[in-house]
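Each chain, written out:
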Amino acid sequence: MHENLSARSRLVRDALHAAGIPGEIVVLPDAASTAVLAAEALGVEVGAIANSLVFQCDGRPLLVMTSGAHRVDTAALSARIGRGRIIRATPEQVREATGQAIGGVAPVGHPSPLETLVDEDLAHHPRIWAAGGTPHTVFPMTFDELVRLTGGSVVSVV
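Treat the numbers as computed from the prediction; the structure is a model and nothing was measured.

Novice: Honestly, the overall build of the protein chain in this entry has me stumped. Any pointers?
Specialist: Looking only at helices and strands, the protein chain features five helices and eight strands. Its C-alpha atoms give the protein chain a radius of gyration of 14 Å, within 12% of the compact-globule value 15 Å for 158 residues. Overall size of the protein chain, expressed as C-alpha extent along the three principal axes, is 45 × 30 × 30 Å. Looking at the protein chain as a whole, 49% of its 158 residues are labelled buried. Expressed as a percentage of contacts within the protein chain between residues at least 6 apart in sequence, the contacts between residues at least 24 apart total 63%. Accessible surface computed for the protein chain: about 7500 Å², of which carbon and sulfur atoms make up 53%. The averaged location of the 16 negative side-chain charges in the protein chain is 6 Å from the averaged location of its 12 positive side-chain charges.

Novice: Got a minute to help me understand the pairing of strand E5 (residues 115-119) in this structure?
Specialist: Both faces of the sheet carry side chains from a regular strand, because those side chains alternate between them. The element E5 is extensively covered by neighbouring structure, given that four of its five residues are classed as buried. Sheet analysis places strand E3 (residues 60-67) next to E5, joined by four bridges and oriented parallel. The partner of Val64 across the bridge, within E5, is Leu117. In terms of strand pairing, E5 meets strand E8 (residues 153-155) through three bridges, oriented parallel.

Novice: Sorry, what's going on with the nonpolar core here?
Specialist: A general tendency of soluble globular proteins is for nonpolar side chains to be buried together. Grouped together as the largest cluster of nonpolar side chains are 26 residues, with contacts concentrated most on Met141 and Leu146. For this core, the secondary-structure elements that each account for two or more residues are helix H1 (7-18), strand E2 (49-57), E3, helix H4 (91-98), strand E6 (128-131), strand E7 (137-141) and helix H5 (143-150). Considering every element that reaches this core, the biggest residue donor is H5, with four residues. Here Leu146 is in contact with Ala50, Met65, Pro107, Val118, Leu122, Ile128 and Met141, once residues within four sequence places are set aside.

Novice: What am I meant to see in unusual backbone geometry here?
Specialist: Trans peptide bonds make up most of the peptide bonds, and negative phi angles are found at most residues other than glycine. Phi at Asp58 takes a positive value of approximately 55°, unusual for a residue other than glycine. Tracing the chain through its elements places Asp58 in the loop between E2 and E3.

Novice: What's the story with H5 in this structure? I'm lost.
Specialist: A turn of α-helix holds 3.6 residues, and therefore any two residues three or four places apart point the same way. Of all eight residues in H5, six are buried, a share of seventy percent or more. Of the residues making up H5, those classed as buried are Phe143, Glu145, Leu146, Val147, Leu149 and Thr150. Immediately beyond the C-terminal end of H5, within one or two residues, lies Gly151, with a positive phi of roughly 65°.

Novice: For this particular structure, what's the right way to read the side chain of Ser9?
Specialist: Here Ser9 shows up in helix H1. Its relative accessible area of 0% is what places Ser9 among the buried residues. Here the side chain of Ser9 touches Thr137 through a polar contact of 3.1 Å, side chain to side chain.

Novice: What is the right way to look at the layout of surface pockets in this model?
Specialist: Unoccupied space between atoms shows up once a probe the size of one water molecule is rolled over them. Quantified by volume, the largest pocket comes out at close to 350 Å³. Among the secondary structure elements, those contributing two or more residues to the lining of the largest pocket are helix H2 (35-42), E2, E6 and E7. At six residues, E2 tops the list of elements feeding residues into the lining of the largest pocket. Classifying every residue of the lining of the largest pocket gives 16 nonpolar, eight polar and one charged.

Novice: I keep staring at the pairing of E7 and nothing clicks. Help me out?
Specialist: The element E7 is extensively covered by neighbouring structure, given that five of its five residues are classed as buried. Of the two faces of E7, the one carrying Thr137, Phe139 and Met141 and the one carrying Val138 and Pro140 are both buried. In terms of strand pairing, strand E1 (residues 26-27) meets E7 through two bridges, oriented antiparallel. Counterpart to Val26 in the pairing with E7 is Val138. Summarising the sheet, E6 and E7 pair through four bridges and their orientation is antiparallel. From the neighbouring strand, Ala131 faces E7, where its bridge partner is Val138. Between the antiparallel neighbours E6 and E7 lie five residues, among them Gly133 with a positive phi of about 105°.

Conventions used here
Residues numbered from 1 in each chain as written. Predicted model: local features only at pLDDT ≥ 70, side-chain atom pairs only at ≥ 80, totals over all residues. Heavy atoms only, no water. Helix = DSSP H or I, 4+ residues; strand = E, 2+ residues; numbered from the N terminus. Rg over C-alpha atoms; globule rule 2.2 N^0.38 Å. Buried < 20%, exposed > 50% of the residue type's maximum accessible area, 1.4 Å probe, protein only. Contact = heavy atoms within 4.5 Å. Areas by Shrake-Rupley, 256 points an atom, 1.4 Å probe, with all protein chains shown as cover. Lys, Arg positive; Asp, Glu negative; His and termini not counted. Charge placed at Lys NZ, Arg CZ, Asp CG, Glu CD. Pairing = 2+ DSSP bridges. Core = buried A, V, L, I, M, F, W, Y, C linked by side-chain atoms within 4.5 Å. Polar contact = N/O pair within 3.5 Å; in protein donor to acceptor, adjacent residues only side chain to side chain. 1 Å grid on protein atoms, 1.4 Å probe; cavity = no way out; pocket = protein on both sides within 12 Å on 5 of 7 lines; lining within 4 Å. Points joined across faces, edges and corners; volume = space filled by probe spheres on them. Nonpolar A, V, L, I, M, F, W, Y, C, P; charged D, E, K, R; others polar.

Below you can see the structure in the form of structure tokens.
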């Protein structure tokens, strides 16, 4: 199974194993580049999909792990964390910050660690799913594992 993983997904798998997270990367038959597509492919609620959204804030990338059921309210989030304006990163900025393409950004496996915020509503799901480095790969974990894995701060993103 591991031999079929892309280099990007192998980086994610290795980061999961190094963090002691048992979830294995699942290769989907079709790309699941949105939370709705991923939820349909996995047979789970869209809220159990942990979207990895990259923004720019104060001149640096900011990774927001949000429930697939939410849209990030950037103005409210900026005020909540006491920071400057939060704007969506361009595809080029996402690739530069994560080494991954939009639609497949994992919470880890990046060239260097990213400041991460984790949507508190993901805690309502016993198992959540995140992208595994490509639009064709995902992996399961718990909310606590996501927070530990990313070193993220738990906040409301809506």
